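Each chain, letter by letter, is given below.
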Amino acid sequence: MATTDESATRAPRTAASNGKGKGNPVSWLDDRIGLAYQGKILLRKVFPDHWSFMLGEIALWSFVILLLTGTFLSLWFVPSMSEIVYHGPYHQLNGIHMSEAYASTLHISFDVRGGLLMRQIHHWSANIFIAAMTIHMLRIFFTGAFRKPREINWLIGLGLLMLGILEGFAGYSLPDDLLSGTGLRIADGIIRSIPVVGTYLEFFIFGGQFPGDVFISRLYIVHVLLIPGILLALISAHMILLFYQKHTQWPGPGHTNENVVGAPFFPIYTAKAGGFFFMVFGVTALLGAVLQINPIWMYGPYDPSQVTAGSQPDWYMGWLEGALRIMPNWETHIGGFTISWNVLIPGAAVMGVLFTLLAIYPFLERWITGDNRDHHILDRPRNQPTRTGLGVAGVTAYGLLWLAGGNDIIATHFHVSLNAITWFMRFAVFVGPVITFIIARRWAISLQRSDEHLLLHGYETGVIIRSPEGGYSEIHAPLSQESAYQIASRERRPPVGVPELEDEYGVRARGTAAERVRGRLHELWFGDEIPKPTAAELEEAHHHESPEGPLLEDGGHHGIESGGQIGGEEFDLEESSER
Amino acid sequence: MTEGPHPTDGHPDGAGHDLAALSPEEPIPNPGLPPHEPRPTDVDAAQERRAERQVAGMFILAALLALAFCVLYFVIPPPSDQSATFMGYGASNLALGLTLGLALLLTGAAAIQWAKKLMGNQDIIEARHSTASPPNVREEQVAAFKLGVAESGFGRRTLIRNSMFAALGMLGLPAIVLLRDLGPLPGNLTSITVWKRGIRVVNDVSGTPLRPSDIAEGQLVNAEPALFFDEVGPNGKVIKAKYTGTALNDQKAKAAVILVRMLPTDIKSAQERAWGVNGIVCFSKICTHVGCPISLYEQQTHQLLCPCHQSTFDLTEDGKVVFGPAARPLPQLPIMVDKEGYLVARSDFHQPVGPSFWERG
Amino acid sequence: MKFLSSRRRHPLAGFVVLVLGLLVMGGLYSMFRPAQAEQGANDKQLVAQGRELYVVSCSTCHGMNAEGVVTKTGDNYGPPLVGVGAAAVDFQVGTGRMPMADPGPGQAQRVPLMTPDETRALAAYIASLGPGPAIPSPGEYDAAHGDPAKGGLFFRTNCTACHNFAGSGGALPHGRQAPDLMKTPPKYIFEAMETGPGQMPKFSNGVMTPQDKRDIISYIQHLKTTPGYGGLKLGSLGPVSEGLWGWLIGIGGLILIAVWIGNHGVRAGKKSK
């Protein structure tokens, strides 16, 4: 470090002092902004290569596409609810009263060349933006990349996801077509249900009664300035922290908690990430070319007395829509006031609960496991059965709510009763996650067991041999050291003991209640995990299975399988009576 | 690119790392980075040239497609020309999208292929620095901050400090107060509609007034108050609609109704029957859940379903909820027949229409 | 005139006037009455043929004289058909909904079991039992004479709640569904509005005039022929199918690309492990 440091600091000075680089853009810039310093941080910065590390990049690039296409659309879009009578090329709407917002969206779609394409790219990339953020978050969750020191970036990411959803809903609502107006009507119903201040908020937000005449222009500035500004700031912070903390990496040969192995930012990562931007743009453009999205001319302009079957929000609001649909019709009346649980809970509480759980999760896990170390090596999901189980449970609950949001489409396309789906979902949302938690956790533990088996006994070669005594057994071969290391490089956890309630003199120890809860949770958290074999155990296992080992003592397998072929592979043969 | 796997930036500082975790009983030692293996393009000149041709070919194709985009932009008329279709799809969108999309896709694929096949691909290792500052730096900065606090007297001059907090706190108020004019106060607007005694119930869109005899059993009429349409008065004079534009939408969002006709004997509630005319009953069209307009009427079961969240109302029994998330029955509008034989409202709704709210009781 | 005036007190004069009056009225009636009844002498034959078909195919559920069959619980096994009119028969039988294959909610459009002639006979028989809407003449449902813009307004106010914005159909309670309108010929759309088949409410001519119905049909015809300006219409189901394809093709495709980018590729001289 010391040597590179010196050469880096010296370089600009010499270039400037001997005047050699006059007119050279590098020295020009370096003289002014210390370009070489930036380059030192950036140019050879290492990025580990794995497909799952590129999910966040999809989100980043779709955001860039959204900015580009959105700017294009804003050149024609008129964010006004003033009513006009349409006379234009789409003659099915000729003579119809509509807002300027809707009319200008028709104009973009039909009269501006490429306008429809840009609208469709904008909408597709919005769908992909939030989808990519979601799967990126799931990747971070299941691999434990949110652990110290990355908790702040986890929180920033959650903020991005939440704002992304809001931004998407705002955009969906702008064209003032029948579908977006219905969405706003529902939002209005949810705002109205807020206790005490509901109707006041409604009148302030809509500038009077719903729908009023100001909301679209207000929403427009939120959609094109306020939220994108915050998104941009948060994305910058997200990236700066990523740069500073460096990317995590999978366990593997040569990978340690103190290094990062991969390709340099320049040229490899520049080419790959830059190329990926174009490919993301290309995919969304092709989607926009081939698949029609949000055909507002078919929905017609918003009219509060009209509605269409299949009124649904875009996918990312689908789970909230599902919650609204399956919620029982509870309403409380106290002293002349109404609390609409049927709207409040799905409309506000469900989202609040999910995001709160996600936000506190890293801290909760750290508290339970007592793990205060820095982590730069990712967990394989199987090595964290409880976390994996919780994640799968969360995905299940989300997925069921999501399905419930499309219950009418499911009913018509799979010929099921709408009412039956709703009733099923009312219970499944609670029971489903419990079941999938148990399955996923046990599954992960089974995979641990299989890993342990691989480590101790090698892998099955498929070669069956017959001993002189007539017994059959399959040959197991040891793993390569690379794969063995990959499997074995998971953490061993020291258990957190349950503190004594009283000390040796019978005095109640302080703070033990919380500690006791924590101890119990800790036990549950790591319960049933297959402990990683120690070096001694591994040695013992390998010794046990050496050719001199008691192959036949336990009978072995006397199967009648035959014909295992080695297939040209080379390995040191070791026999095993194990399965 | 010939640099081997070498640890740059060796940073011995281990603050924040719990090295105790790496116990000697680890079963498998870290074998270190496997040796670099060359790609076919590294060792075979023919393969290399092939990859080069591939990458350049994709870039050139992308450039041509971008040109094609420009040409098609001018050649193909916009979708407003409804005859410009290709196999039933809008020609403009399809042509522009395909050329642009493929140009972008090929540009990206070429860059990535270049990186994968031809750029140096040696893995390199960078040492991680602890995110935490070294302890001495941390102590220094904490001391500097404390010095700053002491110099400012922030802790000592409590009067100044507290008055500053008061000022900052109060400055938040104008920010809130300024928002007051965002909209009027609700008043009783959430509880009333434009319906009142004598206002005709007319067919939506056409605005035609309705006689009971026009409405067949099993019929559904999506209706509005006559105030929303130009009316021809008894003397042939046209009475202009009272509400138009956004004001009309505000009123429609509350006053839209549906009329259905069933056998009077099918109606189970005596009040409902009394508020109707010969089995013709009039209900609010605005769902009591979150306000979608509902007109999904099943003429045999007499149930009304909301297509948004599937609240189902029984129109034979005061619009009570039989399924779904809505809590309140659908308000009924009492109707009668006026002197000329048309259906008119007898009064406004007897309860607020639409979604529940706090003050509703 | 003298001939007439001299005999106006003839005992048979009243009778002659009555006959003449009846003839005029009959003539006028036959000029103005619905087209389908114009067969005159054929009518009786047609009704008889329809009656035969009815007894074979329909009477089990609707009763020997179309009076309906009531179950023990008081529900209709098959509703009475007196007064439903020829239009209802033409719709139900012409779209294959009747005779029912099996009783159940939401009878869907099928290949009709009866030929157009048989349907006409059956319709004539049912029409003979009591007055009801007649089968519309082609002019009544001619989309060319409708205003699609106004029809769109009617469509979005009265039809989309069940049949969806593009006429793709939608869900009703308890497994019933509103059918897709894109395959339904204009005549049946007209008849459905007039007669309210199944759970569908009626939109009688008194409220929604034949011109209004023509406007709606004109709009639906435009929906059928509107090109996919933005590409494949994905079933015209709204955001649910869009989200599905966005995930499958958009995210799915991009992950495949990411796998390609992250994949280390072939190595020279390396055998499989």
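Structure: above.
### A short note on the overall build of chain A
Across its full length, chain A holds 20 helices and nine strands. Carbon together with sulfur atoms contributes 66% to the accessible area of chain A, which is approximately 24,800 Å² in total.

### A short note on helix α2 (residues 45–75) of chain B
All names here are of chain B. Between the first and last C-alpha of α2 there are 44 Å, a value that for 31 residues agrees with the 45 Å anticipated at 1.5 Å per step. For α2, the full list of buried residues reads A51, V55, M58, A62, L65 and F69. For α2, the secondary structure elements touched by its buried residues are α1 (40–43) and α3 (91–117). Its side-chain oxygen placed 2.9 Å from the backbone nitrogen of A46, D44 serves as the N-cap of α2.

### Section: the interface of chain B and chain A
Taken together, the contact between chain B and chain A spans 101 residues of the former and 125 residues of the latter. When chain B packs against chain A, close to 9,500 Å² is buried across both sides, 62% of that on carbon and sulfur atoms. Considering only the surface of chain B that becomes buried against chain A, E126(B), R128(B) and W358(B) emerge as the three largest contributors, covering 10% of it. One can count three salt bridges joining chain B with chain A. The partner of K252(B) in a salt bridge is D303(A), and the shortest N-O contact between them spans 2.6 Å. Run the count over chain B and chain A and you get 36 residue pairs in polar contact (both at pLDDT 80 or more). For the side of chain B that touches chain A, the secondary-structure elements that each account for two or more residues are α2, α3, β4 (124–127), α6 (245–255) and β14 (320–323) of chain B. With 17 residues, the top contributor of residues to the side of chain B that touches chain A is α3(B). Its residues assigned to classes, the side of chain B that touches chain A shows 52 nonpolar, 30 polar and 19 charged. Here strand β4 (residues 259–264) of chain A pairs with β4(B) via four bridges, running antiparallel.

### With respect to the packing of aromatic side chains
Going through the model one piece at a time under the given rule, you end up with 42 aromatic pairs over all chains. Each ring, one from F206(A) and one from F210(A), has its centre 5.2 Å from the other, and the planes form 75°; the classification is edge-to-face. What makes F206(A) buried here is its relative accessible area of 2%. Relative accessible area serves as the criterion here: at 5%, F210(A) is assigned to the buried category. For R32(A), the ring lying beneath its charged end belongs to W28(A), and the centroid distance is 4.0 Å. Between the NZ or CZ atom of K213(C) and the centre of the ring of F190(C), over which it lies, the distance is 5.7 Å.

### Quick notes on the state of the cysteines
The final tally for this structure, using the stated rule, is one disulfide over all chains. Covalent S-S linkage joins C292(B) and C308(B), the inter-sulfur distance amounting to 2.2 Å. Given an S-S torsion of about -95°, the disulfide between C292(B) and C308(B) has left-handed geometry. Here C308(B) lies in the loop between β12 (303–305) and β13 (312–314) and C292(B) lies in the loop between β10 (280–284) and β11 (296–298), a separation of 16 residues in the sequence. Among the cysteines around C159(C), which has no disulfide bond, C162(C) carries the closest sulfur, lying 8.6 Å off. In this structure C159(C) comes out as buried when scored by relative accessible area, which is 11%.

Cut-offs used in this document
Residues numbered from 1 in each chain as written. Chains lettered and ligands numbered in written order. Predicted model: local features only at pLDDT ≥ 70, side-chain atom pairs only at ≥ 80, totals over all residues. Heavy atoms only, no water. Helix = DSSP H or I, 4+ residues; strand = E, 2+ residues; numbered from the N terminus. Areas by Shrake-Rupley, 256 points an atom, 1.4 Å probe, with all protein chains shown as cover. Expected span 1.5 Å × (residues − 1). Buried < 20%, exposed > 50% of the residue type's maximum accessible area, 1.4 Å probe, protein only. Contact = heavy atoms within 4.5 Å. Polar contact = N/O pair within 3.5 Å; in protein donor to acceptor, adjacent residues only side chain to side chain. Buried area = accessible area lost by both parts, 1.4 Å probe. Salt bridge = Lys/Arg side-chain N within 4 Å of Asp/Glu carboxyl O. Nonpolar A, V, L, I, M, F, W, Y, C, P; charged D, E, K, R; others polar. Pairing = 2+ DSSP bridges. Phe/Tyr/Trp six-rings, centres within 6.5 Å; stacked < 30°, edge-to-face > 60°. Lys NZ or Arg CZ within 6 Å of the ring centre and 35° of its normal. Disulfide = S-S within 2.5 Å.

Fair warning: the whole summary comes from geometry, so function is off the table for now.
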